[in-house]
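Take a look at the letters that make up each chain.
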Amino acid sequence: MSKTETSRLLEGKTALVTGASRGIGRAVAIELAHHGAHLVLQGRVAGALEETDDAIRAAGGSPATILPLNLMQSDRVDAMGPTLFQRFGHLDIFIANAGVLGALTPLAHTTDQIWQHTMSVNLEANWRLVRTLNPLLQRAEAGRVVFVSSGAASGKKAYWGPYAVSKAGLDALARTYAAEVASTAIKVNIINPGPIATAMRAKAFPGEDPATLPSPEQIAPMFIELCDPNLEENGATFNGREWFVAKKTQSD
Ligand code: NDP
C-alpha cells in the first residue's frame, strides 16, 4: 500500500460507506471526510447517521448525504445506483462495511431466519451494491472499493457458521469483482480488520474488556490507504493485525 501523505488526499471525492451509523463504518466515514471526501452515509436509522454527520461537521468535514435504508430491502438497494447517479454522476469510493454477526450457534441449530438474515446483509446486499454501483465507479477517475471481511471466513471456528460462510462468500465476491475490473481504473480490495472494539465484537465476546482492543478510530486510517488514487493493489486482502504491527515498527 502507498502512504497517505496529505490530509486532503481525497478532496472532491464522493464516498459511500455502508454501516456508517456506528463502529468501524462510522470511524471510517469520519476519517474519509477528514481527508476531504464528501460522504454518503448508509445505515438503517436516520438519527444515528445524523450523529455521524454531526461528528463529520464538528471535525471540519463537508455536510454528508444521509441514505437510511435496510440492506435487506433488495429493491431499495438496487435503486441506490440510479439515486447516486442522479445526485453525483459517479462514485469514487465504496466502503462495503455493513455487517451482522448473526448467531453463534451450531449449524445444526441454525434457524432459517438467522441464515437468511446473515447472508442477506453480509453477502447478497454486497452483490447487489456491486451491480448497482459499478456503472458509477466506472465513471470515476480512480474508483476504489473496500470490502470488510473477517478472519472467520476461514471457517475454522465452531459455531460461527452463517457469519463465516457469508464472509467467505464476500471474499469470493470481492476477488471476482477485482478480476472483472482489472483492466479499468477501479481497484477492489479486502480488509480483515482483526478484533476491533465495537458492538459486534462485544456481542461475540461478551466477557472481553474492550479497552484491550484497538478502537474503530485506530483502524480507520488503514482504509484511507486503500482509497488512495495512486493505489496499485487490486484483489488483495489486508489484515489489520499486520497493519498495526507495521505502524508500530514505523513509529519505533
Ligand atoms: P457494528 O455492529 O458496530 O456495526 C454494524 C453496522 O452495520 C452498523 O452501522 C449497522 O447499522 C449496519 N447494519 C447492520 N445491519 C444492517 C442492515 N440490515 N441494513 C443496513 N445496515 C446494517 O459492527 P462493526 O463495526 O464491528 O463491523 C463492521 C464490519 O466489520 C462488519 O462487516 C464486520 O463483519 C466486520 N468485522 C468486524 C470485526 C470487529 O472485531 N469489530 C472483526 C472482523 C470483521 P444500523 O445502525 O442500521 O444497525
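As the structure is a computational prediction, the values presented were derived from the model and not from experiment.

(A) View of the overall build of the protein chain. In terms of helices and strands, the protein chain carries nine helices and seven strands. Here the C-alpha radius of gyration of the protein chain, 17 Å, is about what a compact globule of 252 residues would show, namely 18 Å. Projected onto the principal axes, the alpha-carbon positions of the protein chain cover approximately 50 × 50 × 40 Å. A burial count over the protein chain gives 50% of its 252 residues as buried. Expressed as a percentage of contacts within the protein chain between residues at least 6 apart in sequence, the contacts between residues at least 24 apart total 73%.

(B) Local environment of the site of the ligand. If you check the shell around the ligand, you find 30 residues, and the closest are Ser 21, Arg 22, Arg 44, Tyr 163 and Thr 198. Here Gly 19 contributes a backbone N or O atom positioned 3.1 Å from an oxygen atom of the ligand. Leu 71 places a polar main-chain atom, nitrogen or oxygen, 2.9 Å from a nitrogen atom of the ligand. For the ligand, whose free accessible area comes to 890 Å², the fraction covered by protein is 95%. Secondary-structure elements contributing two or more residues to the shell around the ligand are helix H1 (23-34), strand E2 (38-43), helix H6 (161-180) and helix H7 (199-204). A total of three residues in the shell around the ligand trace back to one element, the largest contributor, which is H7. A per-class count over the shell around the ligand returns 14 nonpolar, twelve polar and four charged.

(C) A look at the sheet that holds strand E1 (residues 14-18). Across the sheet, which stays open at both edges, the seven strands sit in the order E3-E2-E1-E4-E5-E6-E7 with parallel pairing between neighbours. The sheet terminates laterally at strand E3 (65-68) and strand E7 (237-239), the two strands that pair on one side only. Recorded for the sheet is a direction-independent mean angle of 20° between the axes of neighbouring strands.

Cut-offs and rules
- Residues numbered from 1 in each chain as written.
- Predicted model: local features only at pLDDT ≥ 70, side-chain atom pairs only at ≥ 80, totals over all residues.
- Heavy atoms only, no water.
- Helix = DSSP H or I, 4+ residues; strand = E, 2+ residues; numbered from the N terminus.
- Rg over C-alpha atoms; globule rule 2.2 N^0.38 Å.
- Buried < 20%, exposed > 50% of the residue type's maximum accessible area, 1.4 Å probe, protein only.
- Contact = heavy atoms within 4.5 Å.
- Near = heavy atom within 4 Å.
- Polar contact = N/O pair within 3.5 Å; in protein donor to acceptor, adjacent residues only side chain to side chain.
- Areas by Shrake-Rupley, 256 points an atom, 1.4 Å probe, with all protein chains shown as cover.
- Nonpolar A, V, L, I, M, F, W, Y, C, P; charged D, E, K, R; others polar.
- Pairing = 2+ DSSP bridges.
- Axes fitted to C-alpha atoms, helices over the stretch in contact; angles between N-to-C directions.

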